[in-house]
Amino acid sequence: MFRRILIANRGEIAQRVIRACQELDIETVAVYSEADADALYLRQADETICIGKAASAQSYLDIPSIISAAEIADVEAIHPGYGFLAENAHFAEVCQSCQIGFIGPSPETIASVGNKAKARDMAIAAKVPVVPGSDGPVKDEEEAVRVAQEIGYPILIKASSGGGGRGMRLASNAPSLKAGLRAAQTEAKIAFGDDTVYLEKFVGRSRHIEIQILADKEGHAIYLGERDCSIQRRHQKLIEESPSPSISNKLRDKMCAAALRMVKISDYYNAGTVEFLVDHEDNFFFIEVNARVQVEHTVTEMATGIDIIQQQIRLASGEPLKIRQKDVQVRGHTIECRINAEDPTKDFQPSPGLIETFIPPGGFGVRVDSHCYSGYTIPAHYDSMIGKLLVHRNTREEAIATMLRALKEFVIKGPKTTIPFLIDILGHADFRSGTHDTSFVERHYTQPSKR
Ligand code: MV4
């Protein structure tokens, strides 16, 4: 087991990893930018090192600076969290070449599943259903138009190096396909340094269901049930839950088995998520693999009682997977709401600044993962998520009631937050009935002009 770990991240996930390490008697080294000097997680770490300026490129994305901190602090491994360098194969490689453990998959696996077109090819080879689409990247307009004719519009243009909705364009006919192709390639070149794109038939009225997996370096892998992440706004997840209110046990078993086949064919180890779409006829389609721990890993922790971060650390240290599939039980119902410092009355524009009062909710079945406190100033430089509120109860109805009570109890004075918006969603009939799909937010909360 590792003696000392550096957390190459900030905010609530840095705090989450520090807590996991403390319970494993592992010393922690936290890094921070100048904008995070008053962050709560720094007070919980054994050692703290400032790695640079507020801008992510000069701190949390600065590989030489993070590696230097790791060398100075003499750590044995780095936990990348999510975002930033978590799915950067080059960073994982640099760790490897510096004999520093990387708490995640191998650089090769990160690179292969990180190329969404290659991941599709692996899914096909593993007999995992994929959406009808192009056979690998499309070379030019002619090929794109021909493929689109074969599979039928509407078509989604996706960046091979994208993911999470970035670089995606929807086309409903040949002219919009040609325009969308150029736009997607330009955006992908700038954002990812790779302009290759592939096509998929757009699956409308779909639900976004992802399977959490854990795998060791000897090839033993288990699934930890699913998370339904269909409540999203512009590809940002807002509410996640487990189990999904809308899939049968038969469909669940098929998706979990498919997720394990993806793990096997990609030589995946550590924690990961296999993402699927489910259409309104209960057909499921592979979308992508997320080679990192996700924001919403906490939903699965509450649902199964398994500490995913501690499992990541154990697996990265070379321990075999000790949890057997038959021991994994998804109990009760878990719902998570992401709390963002954004103003729902102003098109969700970020609302950073001083938190005058911060009083998180508590009580039966409530968990709050947040790095905020009264007097903390939310910096403007990073993602607007300031915490996660989770509830775990025996039934979905009870979980919704507890979540509503907890959201109303949450006091955050100063910055605007999405709490009122979340309260509205939790009260909406389509959400409460569990019949919603990924178009829910757009359909119920987006002015026609902004659709
Ligand atoms: C799709 C899709 C429909 N058809 N692919 C979104 C980002 C990444 N996780 C995959 N995503 C999707 N891929 C096909 N062929 C629907 C989504 C999707 C989505 C798309 C638009 C708006 C919101 C969405 C929420 C979840 C999934």
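Residues numbered from 1 in each chain as written. Predicted model: local features only at pLDDT ≥ 70, side-chain atom pairs only at ≥ 80, totals over all residues. Heavy atoms only, no water.

Undergrad: Help me understand the site of the ligand in this model?
TA: Taken together, 18 residues form the shell around the ligand, and within it K158, E200, K201, V203 and E275 come nearest. Separating a nitrogen atom of the ligand from a backbone N or O atom of V203 is a distance of 2.8 Å. Coverage of the ligand by the protein amounts to 90% of the 530 Å² it exposes when considered alone. Listed by contribution, the elements that provide at least two residues to the shell around the ligand are β6 (155–159), β8 (197–201), β12 (270–278) and β13 (284–290). Grouping the constituent residues of the shell around the ligand by class yields 7 nonpolar, 6 polar and 5 charged. Here the shell around the ligand gathers at least three residues from each of two domains, domain 2 (132–201) and domain 3 (207–450). (Near = heavy atom within 4 Å. Polar contact = N/O pair within 3.5 Å; in protein donor to acceptor, adjacent residues only side chain to side chain. Areas by Shrake-Rupley, 256 points an atom, 1.4 Å probe, with all protein chains shown as cover. Helix = DSSP H or I, 4+ residues; strand = E, 2+ residues; numbered from the N terminus. Nonpolar A, V, L, I, M, F, W, Y, C, P; charged D, E, K, R; others polar. Domains from an automatic or database assignment.)

Undergrad: Explain helix α12 (residues 396–409) to me, please; I cannot follow it from the model alone.
TA: The α-helix winds at 3.6 residues per turn, so residues separated by three or four positions along the chain end up facing the same way. The end-to-end C-alpha distance of α12 is 20 Å, a good match for the 20 Å that 14 residues give at a rise of 1.5 Å each. In this structure, the buried residues of α12 make contact with β11 (236–242), β14 (333–340), β19 (366–369), β21 (385–393), α13 (419–426) and α14 (429–433). (Expected span 1.5 Å × (residues − 1). Contact = heavy atoms within 4.5 Å.)

Undergrad: Help me out: how do you make sense of the pairing of strand β9 (residues 207–215) in this one?
TA: A regular strand places its side chains on the two faces of the sheet in alternate fashion. Burial of β9 is extensive: 9 of the 9 residues sit out of reach of the surface. Residue alternation in β9 divides its side chains into two sets, R207, I209, I211, I213 and A215 and H208, E210, Q212 and L214, and both sets are buried. As defined by bridge partners, β9 adjoins β12 across 9 bridges and the pair is classed as antiparallel. Looking at β12, one finds that I209 is bridged to F276. In this sheet, strand β10 (residues 221–233) lies alongside β9 in antiparallel orientation, the contact comprising 6 bridges. By the bridge assignment, I213 is partnered in β10 with Y223. (Buried < 20%, exposed > 50% of the residue type's maximum accessible area, 1.4 Å probe, protein only. Pairing = 2+ DSSP bridges.)

Undergrad: Which parts of the structure should I look at to understand the sheet that holds β11?
TA: Strand pairs in the sheet, formed through backbone hydrogen bonds, run parallel or antiparallel to each other. Strands sit in the order β13-β12-β9-β10-β11-β14-β21-β19 across an open sheet of 8 strands; the sheet is antiparallel. Strands with a single pairing partner mark the edges of an open sheet, and in this sheet they are β13 and β19. Strand-to-strand twist across the sheet, computed as the mean angle between neighbouring axes with direction ignored, equals 25°. Examined bridge by bridge, β10 and β11 share 4 bridges and lie antiparallel to one another. Among the inter-strand pairings, D228 is bridged to a residue of β11, identified as E241. Contacts between α13 and the sheet are confined to β10, β11 and β14, with β11 contributing the most and set at about 45° to the helix. (Axes fitted to C-alpha atoms, helices over the stretch in contact; angles between N-to-C directions.)

Undergrad: Please clarify how the packing of aromatic side chains should be interpreted in this entry.
TA: The way to describe two aromatic rings as a pair is by their centre distance and the angle between their planes. One pass over the full model with this rule turns up 10 aromatic pairs. Ring centres 5.9 Å apart and planes at 80° place the aromatic pair F91 and F102 in the edge-to-face group. Note that F91 is positioned in helix α4 (residues 89–97) and F102 in strand β5 (residues 101–102), a separation of 11 residues in sequence. Residue F91 shares its accessibility class with F102, and that shared class is buried. Ring centres of F421 and Y445 lie 4.9 Å apart, and the angle between their planes is 80°; on these two criteria the pair is classed as edge-to-face. On the criterion of sequence distance, the pair formed by F421 in helix α13 and Y445 in helix α15 (residues 440–445) is long-range, its members being 24 residues apart. (Phe/Tyr/Trp six-rings, centres within 6.5 Å; stacked < 30°, edge-to-face > 60°.)

Undergrad: What exactly am I supposed to notice about the environment of T435 here?
TA: With respect to the helices and strands, the residue T435 is situated in the loop between α14 and α15. Residues T435 and V411, 24 residues apart in the sequence, show an inter-C-alpha distance of 31 Å. Of the polar contacts made by the side chain of T435, one reaches the side chain of S433; its length is 2.8 Å.

Undergrad: What's the story with the nonpolar core in this structure? I'm lost.
TA: It is characteristic of soluble globular proteins that their nonpolar side chains tend to be buried jointly. The biggest cluster of nonpolar side chains holds 89 residues, and the ones touching the most others in it are L6, I78, F276, F286 and I313. Here I78 is in contact with L6, A8, I66, I67, A70, F91, C95, I100, G101, F102 and I103, once residues within four sequence places are set aside. Ranked by size, the runner-up nonpolar core spans 34 residues in total, among them A341, F348, A406 and I412. (Core = buried A, V, L, I, M, F, W, Y, C linked by side-chain atoms within 4.5 Å.)

Undergrad: Honestly, the environment of V31 in this entry has me stumped. Any pointers?
TA: Locating V31 in the fold gives a position in strand β2 (residues 27–33). The exposure class assigned to V31 is buried, which follows from its relative accessible area of 0%. Along the backbone, V31 and Y60 are 29 residues apart, and their C-alpha atoms lie at a distance of 8.3 Å. In this view, V31 contacts L6, I7, A8, N9, Y41, L42, I49, I51, Y60 and A69; residues no more than four positions away in its chain are not counted.

Undergrad: Sorry if this is basic, but what is going on with the domain arrangement of the protein chain here?
TA: Interfaces are often sized by the accessible area lost when the parts come together. When the domains of the protein chain are assigned, the result is domain 1 (4–103), domain 2 (132–201) and domain 3 (207–450). In this structure, domain 1 and domain 2 have C-alpha centres spaced 36 Å apart.

Undergrad: Sorry if this is basic, but what is going on with the pattern of salt bridges here?
TA: Between side chains of opposite charge, a pair can form when the charged atoms approach closely. In this structure the tally under the stated criterion is 36 salt bridges. In this structure, R227 engages E210 in a salt bridge whose closest nitrogen and oxygen atoms are separated by 2.8 Å. Separated by 17 residues along the polypeptide, R227 in strand β10 and E210 in strand β9 bring together distant segments of the chain. Given a relative accessible area of 0%, R227 falls into the buried group. One continuous salt-bridge network, built from bridges that share partners, spans E210, R227, K237, E240, E296 and R338. (Salt bridge = Lys/Arg side-chain N within 4 Å of Asp/Glu carboxyl O.)

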